[in-house]
Protein chains: 2
Amino acid sequence: MRIVFIGAGNLATHLAPALACAGHEIVQVYSRTLSSAQTLGEILQCPFTTTLTDVVVHADLYVFSVKDSVLETLISQFAPKCPKALFIHTAGSMPMCVFSNYAIRFGVFYPMQTFSKTKQVDFSIIPIFVEASSPEELKQLQQLAQYLSEHVYELSSVQRSYLHLSAVFACNFANHCYALAQEILKEQRIPFEVMLPLIDETTEKIHVVSPCDAQTGPAVRYDKNIIDKHLDLLCNYPKLQELYQLMSESIYRQKTNKTD
Amino acid sequence: MRIVFIGAGNLATHLAPALACAGHEIVQVYSRTLSSAQTLGEILQCPFTTTLTDVVVHADLYVFSVKDSVLETLISQFAPKCPKALFIHTAGSMPMCVFSNYAIRFGVFYPMQTFSKTKQVDFSIIPIFVEASSPEELKQLQQLAQYLSEHVYELSSVQRSYLHLSAVFACNFANHCYALAQEILKEQRIPFEVMLPLIDETTEKIHVVSPCDAQTGPAVRYDKNIIDKHLDLLCNYPKLQELYQLMSESIYRQKTNKTD
């Protein structure tokens, strides 16, 4: 397929080369930001532009990989020009229907991973969630995805919104727990590196045990002695105290199977 | 050294065999719980007892690896019988001074890891934090630790309490974020396994980038659009809504360097 990328952020920077490797031709990259457009254009050795009206209209597939807040505006400005093309976006939290008013053939292609521009990722293990406007387009997107990954799932927009929500917990919030640990250690001049074996083991464990069963620590048994000590240590950080308390209660509630 | 283990929980089950492998002799295991005492006794092929008054008094080292709530009581009942022995505990959150009234030679030996009885761990990568009542005992504990691990640190009781607090964030709370993600996915009949590549990558990343710099997701840029959508999805779970809100604010606060 002849593909145009609308957007040149972290996800596009990994997805576009992966699609090129799979034998597709990336014919153009658009980004509002010159440096992003140029960088990805150079990686792919293809033309780039920062002007939406300069985007070619003869491609087979247009991949919108942009901020949620500008997605619909860009679609509305561009899609009506190419009534025969297939349009997809890559956003976990945006429904497929953002295309409905502006295109005929469309879908969603959501590779669920945390992408940084500089860190290589292995696409073959990344789950890709697809959804399409018709069975024909669905088949096309499934084939596209299967060239990249062994884990391709069809998922509705509603289910994908819950998937994205749980990814925020499992990735963004878990990472913030590491960041808060680092903050606490920094004040004690203890290097964060000492925490890595513990973090690695915690992550390894949930490959074999469900996270709920793997839960350890003072909150599981609601050990008030330790919990109160920890709240005391956080006495200068009322917001962290609140977070510690809420987390501990939530762990205990889950363990004792009380519903919210 | 001739060593007695007071306690046969998860940590003791890994530490005692590791010390035996390093050439020490485990002469006895005590646990209040018969099955625990027996299991560890059989692993070590050494005598075991559930009666504190039957614990031998001629060992060189007594390792207290018991619940925080019973630690001081057990020390007070046993330690005065062996004025020449060295006493240590393995608790992250208990100060060294729990020994002061009952023993002369004492210290702390805290291997920071999440131990499950059934899962093997590689002691050589686990950081061990030691503290002792005098330079002589400190040297002894450092040597003991260095036989097991390449990462041995001296740390005061106060610093260790902060270390333990940050371990609760990095291990227990991070794991709970996984458990909450699993709960959300379960309701949508999406298997938790789809989350593992994302979790693995999040953990791998902080080996090369600090967790604060690695932070991604809607909260970093306080994307109110997505955050409000997610809060809506959680409308039947007010406690999770509260947690989501607090986490997002904390991420944003850290990113914008506001102090608490």
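You'll find the structure just up there.
Below, the structure is looked at part by part. What you see is a predicted model, and the numbers here were worked out from it, not measured in a lab.

**Digging into the packing of aromatic side chains**
Line of reasoning, step 1. Applying the stated criterion to the full structure yields 26 aromatic pairs over all chains.
Line of reasoning, step 2. Ring geometry for phenylalanine 64 of chain B against phenylalanine 87 of chain B: centres 6.1 Å apart, planes inclined by 40°, an arrangement best described as tilted. Of this pair, phenylalanine 64 of chain B sits in strand β4 (residues 61-64) while phenylalanine 87 of chain B sits in strand β5 (residues 86-89), and the two are 23 residues apart along the sequence.
Line of reasoning, step 3. According to the relative accessible area criterion, phenylalanine 87 of chain B is buried, its value standing at 1%.
Line of reasoning, step 4. An aromatic cluster is present here, built from Tyr62, Phe64, Phe78, Phe87, Phe99 and Phe106 of chain A joined pairwise through their rings.

**Some points on helix α2 (residues 34-44) of chain A**
An α-helix turns once per 3.6 residues; consequently, residues spaced three or four apart project the same way.
Residues and elements named next belong to chain A.
Line of reasoning, step 1. Every buried residue of α2 is accounted for by Ser36, Ala37, Leu40, Gly41 and Leu44. Buried residues in α2, looked at end-on, bunch into an arc of 125°, giving them a common side.
Line of reasoning, step 2. In the core, the buried residues of α2 are packed alongside α1 (10-21), β2 (25-30) and β3 (48-49).
Line of reasoning, step 3. Once α2 finishes, glutamine 45 follows within two positions and takes phi at roughly 50°, a positive value.

**Focus: the pattern of salt bridges**
Line of reasoning, step 1. Inspection of the entire model under this criterion finds 13 salt bridges over all chains.
Line of reasoning, step 2. Glutamate 249 of chain B is paired through a salt bridge with lysine 239 of chain A; the nearest N and O atoms lie 4.0 Å apart. Of this pair, glutamate 249 of chain B sits in helix α9 (residues 238-255) while lysine 239 of chain A sits in helix α9 (residues 238-255), placing the two residues on different chains.
Line of reasoning, step 3. Residue class for lysine 239 of chain A comes out partly exposed when judged on its relative accessible area of 31%.
Line of reasoning, step 4. For arginine 221 of chain B, the salt bridge goes to aspartate 223 of chain B, with nearest N and O atoms at 3.6 Å.
Line of reasoning, step 5. Residue arginine 221 of chain B is classed as partly exposed on the basis of its relative accessible area, which comes to 46%.
Line of reasoning, step 6. Through salt bridges with shared partners, a single ionic network connects Lys239 and Glu242 of chain A together with Glu249 of chain B.

**Details of the pairing of strand β6 (residues 105-111) of chain A**
Residue and element names in this part refer to chain A.
Line of reasoning, step 1. Within β6, six of the seven residues are buried, which leaves it mostly tucked inside the rest of the structure.
Line of reasoning, step 2. Where strand β5 (residues 86-89) and β6 come together, four bridges link them in parallel fashion. Each residue of the ladder has a partner; that of leucine 86, found in β6, is arginine 105.
Line of reasoning, step 3. Pairing analysis gives five bridges linking β6 to strand β7 (residues 128-132), with the strands arranged antiparallel. Bridge assignment links glycine 107 to a residue of β7, and that residue is alanine 132.

**Comments concerning the side chain of arginine 160 of chain A**
Line of reasoning, step 1. With respect to the secondary-structure elements, arginine 160 of chain A resides in helix α5 (residues 157-187).
Line of reasoning, step 2. Separated by 2.6 Å, the side chain of arginine 160 of chain A and the backbone oxygen of methionine 94 of chain A make a polar contact.

**Let's talk about the sheet that holds strand β4 (residues 61-64) of chain A**
Residue and element names in this part refer to chain A.
Line of reasoning, step 1. Strands sit in the order β3-β2-β1-β4-β5-β6-β7-β8 across an open sheet of eight strands; the sheet is mixed. Both edges of this open sheet fall to β3 and β8 (152-154), since each of them pairs with a single strand only.
Line of reasoning, step 2. Relative to the sheet, α5 contacts β5, β6 and β7, its axis offset from that of β6 by approximately 20°.

**Focus on the interface of chain A and chain B**
Line of reasoning, step 1. At the junction of the two partners, chain A supplies 90 residues and chain B supplies 90 residues.
Line of reasoning, step 2. Carbon and sulfur atoms make up 67% of the area that chain A and chain B hide from each other, which totals about 8,900 Å².
Line of reasoning, step 3. Inspection of the chain A/chain B interface yields one salt bridge.
Line of reasoning, step 4. Connecting chain A to chain B are 30 residue pairs in polar contact (both at pLDDT 80 or more).
Line of reasoning, step 5. Contributions of two or more residues to the side of chain A that touches chain B are made by α5, α6 (196-205), α7 (211-214), α8 (224-233) and α9 of chain A.
Line of reasoning, step 6. If one sorts the elements of the side of chain A that touches chain B by residue count, α5 of chain A sits on top with 26 residues.
Line of reasoning, step 7. Tallied by class, the residues present in the side of chain A that touches chain B amount to 52 nonpolar, 25 polar and 13 charged.

**A word on the nonpolar core**
Line of reasoning, step 1. Within the largest apolar cluster, 129 residues are counted, with the highest numbers of intra-cluster contacts made by Phe87 of chain A together with Phe87 of chain B.
Line of reasoning, step 2. In this structure, phenylalanine 87 of chain A is in contact with Tyr62, Phe64, Phe78, Ala79, Cys82, Phe99, Ala103, Arg105, Phe106 and Gly107 of chain A, ignoring residues within four places of it in sequence.

**Concerning the state of the cysteines**
Line of reasoning, step 1. On inspection of all chains with the given rule, the structure shows zero disulfides over all chains.
Line of reasoning, step 2. Cysteine 46 of chain A supplies the cysteine sulfur nearest to cysteine 21 of chain A, a cysteine that is in no disulfide, at a spacing of 14 Å.
Line of reasoning, step 3. Given the relative accessible area of 73%, cysteine 21 of chain A is considered exposed.
Line of reasoning, step 4. No disulfide involves cysteine 171 of chain A; its sulfur sits 10 Å from the nearest other cysteine sulfur, which is in cysteine 177 of chain B.

**Some words on the packing of α1 of chain A against α2 of chain A**
Residue and element names in this part refer to chain A.
Line of reasoning, step 1. The contact between α1 and α2 brings their axes to 10 Å, and the two run at 20°. It follows from the interaxial angle that α1 and α2 lie roughly parallel. Seen along the crossing, α1 lies across α2 with a hand that is right-handed. Facing α1, whose interface residues are Ala12, Thr13, Ala16, Pro17 and Ala20, α2 presents Leu40, Ile43 and Leu44.
Line of reasoning, step 2. For the contact of α1 with α2, a count of residues per class yields seven nonpolar, one polar and no charged.

**So, the sheet that holds β4 of chain B**
Residue and element names in this part refer to chain B.
Line of reasoning, step 1. Spatially, eight strands are ordered β3-β2-β1-β4-β5-β6-β7-β8 in an open sheet, and the strand pairing comes out mixed. Because the sheet does not close on itself, it has two edges, and the strands there are β3 (48-49) and β8 (152-154).
Line of reasoning, step 2. Direction of pairing for β4 relative to β5: parallel, over a ladder of four bridges. Each residue of the ladder has a partner; that of leucine 61, found in β5, is leucine 86.
Line of reasoning, step 3. Strands in contact with helix α3 (residues 68-78) are β1 (2-6), β2 (25-30), β4 and β5; relative to β4, the strand with the most contacts, it is inclined by about 155°.

Here is what the cut-offs are and how they apply
- Residues numbered from 1 in each chain as written.
- Chains lettered and ligands numbered in written order.
- Predicted model: local features only at pLDDT ≥ 70, side-chain atom pairs only at ≥ 80, totals over all residues.
- Heavy atoms only, no water.
- Phe/Tyr/Trp six-rings, centres within 6.5 Å; stacked < 30°, edge-to-face > 60°.
- Helix = DSSP H or I, 4+ residues; strand = E, 2+ residues; numbered from the N terminus.
- Buried < 20%, exposed > 50% of the residue type's maximum accessible area, 1.4 Å probe, protein only.
- Arc of directions from axis to C-beta.
- Contact = heavy atoms within 4.5 Å.
- Salt bridge = Lys/Arg side-chain N within 4 Å of Asp/Glu carboxyl O.
- Pairing = 2+ DSSP bridges.
- Polar contact = N/O pair within 3.5 Å; in protein donor to acceptor, adjacent residues only side chain to side chain.
- Axes fitted to C-alpha atoms, helices over the stretch in contact; angles between N-to-C directions.
- Buried area = accessible area lost by both parts, 1.4 Å probe.
- Nonpolar A, V, L, I, M, F, W, Y, C, P; charged D, E, K, R; others polar.
- Core = buried A, V, L, I, M, F, W, Y, C linked by side-chain atoms within 4.5 Å.
- Disulfide = S-S within 2.5 Å.
- Parallel < 35°, antiparallel > 145°, perpendicular 65-115°, else oblique.
- Left-handed = near helix turned anticlockwise from the far one by under 90°.

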